[in-house]
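What the coordinates show
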Amino acid sequence: MPHTKRRRLVTTAVAISLGATALAACGSSDDSKADSGPVSLTYWAWAPGMDKVVDLWNKGEGKKDQITVTVKKQASGDTLVTKILTAHKAKNGPDLVQAEYQALPTLVSNDAVADISKNVGDAKSKFADGVWQQVTLGTDAVYAVPQDIGPMMFYYRADLFKKYGLKVPTTWDEFAQDARQLKKKAPGLDLTTFSANDSGLFAGLAQQAGAKWWTTSGDKWKVAIDDAATQKVATFWGGLVKEGVIDNQPMYTPAWNKALDTGKQIAWVSAVWAPGTLTTAAPDTKGKWAMAPLPQWSASENVTGSWGGSSTAVTTDSKHQAAAAKFAAWLNTDGEALNALAKESGIYPAATNAQTSGAFATAPDYFSNQSDFYTKAAEIAKTTAPSAWGPNVNVAYTSFNDAFGAAAKNKSDFTAALQKMQDDTVADMKKQGFEVSQ
């Protein structure tokens, strides 16, 4: 989408949300030259140990350039987005923020983050195309530097797959066959569960299928949460739930942990960060799991979705945007910084050069039986599909939790739940004053 069209969309949102009448440069900065003299920057972030990572900057590059960064620990998710927008309205926001990818359109629409395309050098070359697209929103602008990503993959109990004669699925059809075969051989077991308590999982599955939930044309947003790709995903999972060959209970509960740990559920569609969750949820099955690429809708395809991830954005309130952008690029591309982020913050880096080195040179302890874990993960990460986020992801996600939660519990029509999600999202956008076409 041309940058001029994005500017018109952002102007509309700003007028609605903040009472502004125009946006001259779409959050871009004239501060393209390096700041002179001592500069102090504030960084709002939620990742644990970020202050220790930033210390490396302050003692190294930052000291040399006289740029000091101070981390202010924040809550994540919608809480942080609200705080950023409130601070921006009062014109006292921080210099930098840790922003989830799906939050960027909201921040851009409210003119809260700056276009730093002139200040990040060759950072683009450090990231997979599908990852970089998440910080450009399909424009020539750059609204953040990617930090961590969550490429999706398939986890399964290798010992139990062997015991029950199951094939590691390479397609979703094979996945369904495994679910039916397991239920026939061991009626008390389930291949996995469909969980409606984490909308990011469903969004990632739709992304893999080719969904584009929010797009723009001229001055209008198009909302297509109920597009053909997402309907395919909803119908597939709803069919398995109704058939009774997978469970319909939510994740992250004591019951779910027990199901994984005892082998009552023998697979999990998740993301690269799953080893950390499994270590806590299923400690007794360490070394018994394996990881494979996400099943594909067609055997000829090779694409994955994304579940989670964040970026480092520079705010329009910053008086030192060039300095802030320089720090953001260092934080997410420098080898020492990336190693520290892995060690202190537990992130899986978006930068491709760090995905098989340093902390990721050897497999996670839980997967010590799969020595090529991170090599395989890096290959999968390269296949991440482009995303298409909009300005009210929070509303869509809340609607998903409600509508799909009820449908999963009742084993009712998932496409009706999808329609509810679509309708709720469109209604909210119109209420906010966005022009919407369907």
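An unreviewed UniProt entry annotates the protein as Extracellular solute-binding protein of Streptomyces hyaluromycini.

Our next topic: empty space enclosed by the protein. Counted under the stated rule, the structure contains three cavities of 30 Å³ or more. Of the voids in this model, the largest cavity is the one considered here, and its volume is about 80 Å³. Lining the largest cavity, in full, are Ala-203, Ala-206, Gln-207, Ala-211, Lys-212, Trp-213, Ser-387, Ala-388 and Trp-389. Among the residues making up the lining of the largest cavity, the classes are represented as six nonpolar, two polar and one charged. For the second largest cavity, the full set of lining residues is Thr-192, Thr-193, Phe-194, Leu-201, Leu-205, Trp-237, Met-251, Trp-268 and Val-269. Elements with a contribution of two residues or more to the lining of the second largest cavity: helix H9 (199-208) and strand E7 (267-271). Grouping the constituent residues of the lining of the second largest cavity by class yields seven nonpolar, two polar and no charged.

Under the criterion given, the structure shown has 39 aromatic pairs. Ring centres 5.8 Å apart and planes at 65° place the aromatic pair Trp-172 and Trp-237 in the edge-to-face group. Of the two residues, Trp-172 sits in helix H8 (residues 172-185) while Trp-237 sits in helix H10 (residues 228-243), which places them 65 residues apart along the sequence. Residue classification places Trp-172 among the buried residues on the basis of a relative accessible area of 0%. Residue class for Trp-237 comes out buried when judged on its relative accessible area of 3%. The cationic tip of Lys-83 hangs over the ring face of Trp-44; the distance from NZ or CZ to the ring centre is 5.0 Å.

Here the focus is the nonpolar core. Within soluble globular proteins, side chains that are nonpolar generally end up buried alongside one another. Judged by nonpolar contacts, the single largest core of 147 residues is most densely connected at Phe-194, Trp-213, Trp-214, Trp-237, Val-269 and Phe-404. Residue contributions to this core peak at eight residues, all from helix H16 (residues 393-410). Each residue touching Val-269, except ones within four places of it in the same chain, is listed here: Met-152, Met-153, Phe-154, Trp-172, Phe-175, Thr-192, Leu-201, Leu-205, Trp-237, Leu-294 and Trp-307.

Two faces make up the sheet, and in a regular strand the side chains alternate between them. The buried fraction of strand E1 (residues 39-45) amounts to five of the seven residues, a majority that puts the element mostly inside the structure. Bridging between E1 and strand E3 (residues 96-100) involves two bridges; their strand directions are parallel. Across the sheet, residue Trp-44 finds its bridge partner in E3, namely Val-97.

Calculation notes
Residues numbered from 1 in each chain as written. Predicted model: local features only at pLDDT ≥ 70, side-chain atom pairs only at ≥ 80, totals over all residues. Heavy atoms only, no water. 1 Å grid on protein atoms, 1.4 Å probe; cavity = no way out; pocket = protein on both sides within 12 Å on 5 of 7 lines; lining within 4 Å. Points joined across faces, edges and corners; volume = space filled by probe spheres on them. Nonpolar A, V, L, I, M, F, W, Y, C, P; charged D, E, K, R; others polar. Helix = DSSP H or I, 4+ residues; strand = E, 2+ residues; numbered from the N terminus. Phe/Tyr/Trp six-rings, centres within 6.5 Å; stacked < 30°, edge-to-face > 60°. Buried < 20%, exposed > 50% of the residue type's maximum accessible area, 1.4 Å probe, protein only. Lys NZ or Arg CZ within 6 Å of the ring centre and 35° of its normal. Core = buried A, V, L, I, M, F, W, Y, C linked by side-chain atoms within 4.5 Å. Contact = heavy atoms within 4.5 Å. Pairing = 2+ DSSP bridges.

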